[in-house]
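Given next are the chains, with one letter for each unit.
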Amino acid sequence: MTKINQPVTLKNGITLRNPLMMAPMTTQMSFFNGVITQDEIAYYKNRSQAIGAVITGAANVQAVGQGWAGELGVYDDKFIPNLTKLATAIKAGGAKAILQIFHGGRMSPKNILNGAEPVSASAVAAERPGAPTPRALTGEEVLQVIADFKAATKRAMTAGFDGVEIHGTNTYLIQQFFSPHSNRREDEWGGSLVKRFHFIDVLVDEILAAGKEKSTDFIVGYRFSPEEYETPGIRMEDTLYLVDQLAEKNLDYLHVSLNEYQRVSVQKEFQEKSIVDYLQEKIAGRVPLVAVGGIEEAADVEALLNHADLAAVGQALIIDPDWGEKVLNQQPVHRVSNLDSASRTLRGTSLWDFVTTIRLDN
Ligand SMILES: Cc1cc2nc3c(=O)[nH]c(=O)nc-3n(C[C@H](O)[C@H](O)[C@H](O)COP(=O)(O)O)c2cc1C
């Protein structure tokens, strides 16, 4: 079991100074064209002084993959100069810098795409009010998406990032290929569970080929969501197959996206232990697992490390940039649960909405 103050070694042999990672969290602070701002760079720098690694908020690999306003872009070489400043700022504090690479797929709103049609595995709208029906990618376009993830990985390397995290979670494009809800294709990219995994299989191999081309030191992680509530949707059986396949690859870590790291599956057949424990059983030590969700103080990290190898921390680091240093030194911290609950649960809410709702009188 890892201890909060102990270094952790990833599959490629790279060591993080401790098991704390900043969870990927978009700040919506980039310019309208995806170029990072000085404020955003300062925001990351402040939070990277003590923790092991910082995973940036999602950066879109295609213009048509942009999910929201103020999102980071990595779909063109023009982003490299400012991404270099970001990687340098994160690394200056001693943390590893990991860029999260992303495509919104059917979750990209038309107004954000300047009227362009969102794309996905199939022409099926998400089950959300007002969700647009996307256009199904052609076979050629599927290959282009993979090529663009690969190009984004190379840009991250050029900018000096220590690695990339593949954003396969939270209902966005990569998850859309794996989900039987959004993937109804009948070609090589859809159909059976094995064929729904095909996109991820090829994508991960291509990203690994790009990332590890010059050195195996470059970190490549994969983030996924374990369950969907739609029918049909991703179930635990699918996820256990996914992690079993991914654990065989040269990925440096797997990262399960949860709002509470102790969460138990909604499926009756998988309620004997937490989702994280089922995942660990399947992974069986082949690759480190990062868990996330609801970490507020040192005791939470220690409890999480009984079940997973690394702890990703989100909102606690938004409200207190020095959170990492404080928990490592066993100092008191402000609790996320003292935030106004409505602000806390709003995904994509601007940073300032979080900051201005902190109650310091706990
Ligand atoms: C403001 C905000 C932005 C987020 N943006 C992303 C993102 O860009 N990519 C991602 O994979 N998850 C994103 N998440 C989810 C977080 O990575 C994390 O899983 C979640 O906040 C639970 O962890 P916590 O309880 O420590 O905050 C975001 C969460 C918040 C609160």
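The rules behind these values
- Residues numbered from 1 in each chain as written.
- Predicted model: local features only at pLDDT ≥ 70, side-chain atom pairs only at ≥ 80, totals over all residues.
- Heavy atoms only, no water.
- Helix = DSSP H or I, 4+ residues; strand = E, 2+ residues; numbered from the N terminus.
- Rg over C-alpha atoms; globule rule 2.2 N^0.38 Å.
- Buried < 20%, exposed > 50% of the residue type's maximum accessible area, 1.4 Å probe, protein only.
- Contact = heavy atoms within 4.5 Å.
- Areas by Shrake-Rupley, 256 points an atom, 1.4 Å probe, with all protein chains shown as cover.
- Core = buried A, V, L, I, M, F, W, Y, C linked by side-chain atoms within 4.5 Å.
- Near = heavy atom within 4 Å.
- Polar contact = N/O pair within 3.5 Å; in protein donor to acceptor, adjacent residues only side chain to side chain.
- Nonpolar A, V, L, I, M, F, W, Y, C, P; charged D, E, K, R; others polar.
- Pairing = 2+ DSSP bridges.
- Right-handed = clockwise from strand over helix to strand, strands pointing away.

How should I be thinking about the overall build of the chain in this particular structure?
Along the backbone of the chain there are 12 helices and 13 strands. Over its C-alpha trace the chain gives a radius of gyration of 19 Å, about what one expects of a compact globule, namely 21 Å for 362 residues. Taking the principal axes of its C-alpha atoms as reference, the chain extends roughly 55 × 45 × 45 Å. In the chain, which comprises 362 residues, the share counted as buried stands at 58%. Restricting the contact set of the chain to residue pairs at least 6 apart, pairs at least 24 apart contribute 68%. In the form shown here, the chain has an accessible surface area of approximately 14,300 Å², with 49% of it arising from carbon and sulfur atoms.

Would you mind showing me how to read the nonpolar core here?
Nonpolar side chains tend to gather and get buried jointly when the protein is soluble and globular. Counting 94 residues, the largest nonpolar core has Leu99, Tyr222, Leu254 and Trp323 as its most contacted members. Ranked by residues supplied to this core, first place goes to helix α5 (residues 193-211) with seven residues. When near neighbours in sequence (up to four residues on either side) are disregarded, Tyr222 contacts Ile166, Gly168, Ile174, Ile200, Val204, Leu242, Leu246, Leu251, Tyr253, Leu254 and His255. Leu10, Ile219, Tyr253 and Ala312 belong to the second largest nonpolar core, which has 15 residues in total.

Is there a simple way to explain the site of the ligand in this structure?
Around the ligand, the structure places 20 residues, and the nearest of them are Pro24, Arg223, Gly294, Gly314 and Gln315. Contacts to the ligand include Gln100, whose side-chain N or O atom sits 2.8 Å from a nitrogen atom. Computed on the free molecule, the ligand has an accessible area of 610 Å², of which 93% lies beneath the protein chains in the complex. When the residues that make up the shell around the ligand are grouped by side-chain class, the tally is eight nonpolar, 10 polar and two charged.

Is there a simple way to explain the pairing of strand β13 (residues 310-313) in this structure?
As a general feature of sheets, a regular strand has side chains that alternate between the two faces. In β13, alternate side chains face the same way, and those of Leu310 and Ala312 on one face and Ala311 and Val313 on the other are all buried. Summarising the sheet, strand β3 (residues 20-22) and β13 pair through three bridges and their orientation is parallel. Residue pairing for β13: Leu20 is matched across the bridge by Ala311. Where strand β12 (residues 289-292) meets β13, three bridges bridge the pair, whose relative direction is parallel. Residue Val292 lies in a different strand from β13, and its bridge partner there is Ala312. Taking the sense of rotation as the criterion, the β-α-β connection linking β12, helix α8 (residues 298-304) and β13 turns out right-handed.

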